[in-house]
Amino acid sequence: NLENSGIVEEDAPVRKAYRYMTNRLSQFNYAEAIKTNLPIGSGLIESRHKHVLQARMKIPGASWNRAKAEAFVCTRSSRANGQWNIYWEKKAA
């Protein structure tokens, strides 16, 4: 059951999750993902997140504001995905 419509959005996680999923139904085509050999499940993503981002962001004494954290995520993700040069070419443009 979804939360009452009188509840503000910030306090309605089920409603937000439902809307997120119904707006992305085409992305839940598991048969197509299996056929094209794509991973299914969050294990691979969570593992990469831990390796690429958390290990560096959680070092003792680290302090992050939102802008620096977002820039860090972009650069680390670009490097991990083999898109390091593409990222910097876009930044220079």
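For the structure given in this document, a descriptive report is provided here. The numbers attached to residues start from 1 for each chain and follow its sequence in the written order. This being a predicted model, a pLDDT of at least 70 is required before a residue's local features are given, and a value of 80 or more before pairs of side-chain atoms are given or counted; all residues contribute to the totals for chains, interfaces and linings. Hydrogens and water are ignored here; the side-chain numbers use all heavy atoms of the structure.

### Here's the deal with unusual backbone geometry
The bulk of non-glycine residues show a negative phi, and the bulk of peptide bonds are trans.
Move 1: At N37, a residue that is not glycine, the phi angle is positive and equals roughly 65 degrees.
Move 2: Runs of H or I in DSSP of at least four residues are treated as helices and runs of E of at least two as strands, each being numbered from the N terminus. Residue placement: N37 occurs in the loop between helix 2 (30–35) and helix 3 (43–57).
Move 3: A 1.4 Å probe rolled over the protein chains alone gives each residue an accessible area, and that area as a share of the maximum for its type sets the label: buried under 20%, exposed over 50%, partly exposed in between. Residue N37 is classed as exposed on the basis of its relative accessible area, which comes to 69%.

### Let's talk about the pattern of salt bridges
Move 1: Salt bridges are defined as contacts in which a side-chain nitrogen from Lys or Arg sits within 4 Å of a carboxyl oxygen from Asp or Glu. Counted according to the given criterion, the structure contains four salt bridges.
Move 2: Here E9 makes a salt bridge to R19, at a shortest N to O gap of 2.4 Å. On the criterion of sequence distance, the pair formed by E9 in the segment before helix 1 (13–22) and R19 in helix 1 is long-range, its members being 10 residues apart.
Move 3: With a relative accessible area of 37%, R19 lands in the partly exposed category.
Move 4: Between E70 and R66 there is a salt bridge whose closest N-O contact spans 2.9 Å. You can see E70 and its partner R66 sitting in helix 4 (residues 66–80), four residues apart, about one turn around the helix.

### Some thoughts on a nonpolar patch on the surface
Move 1: Patch membership needs two things, relative accessible area over 30% and no salt bridge, and members are linked within 9 Å if like-charged or within 5 Å if nonpolar (Val, Leu, Ile, Met, Phe, Trp, Tyr). Per-residue and other accessible areas were derived by the Shrake-Rupley procedure at a 1.4 Å probe size, with only the shown protein chains allowed to occlude residues. A cluster of nonpolar side chains, namely Y20, M21, L25, F28, Y30, I34 and I40, defines an oily patch on the protein surface of about 730 Å² accessible area.
Move 2: Among the secondary structure elements, those contributing two or more residues to the nonpolar patch are helix 1 and helix 2.
Move 3: Mapping L25 onto the fold places it in the loop between helix 1 and helix 2.

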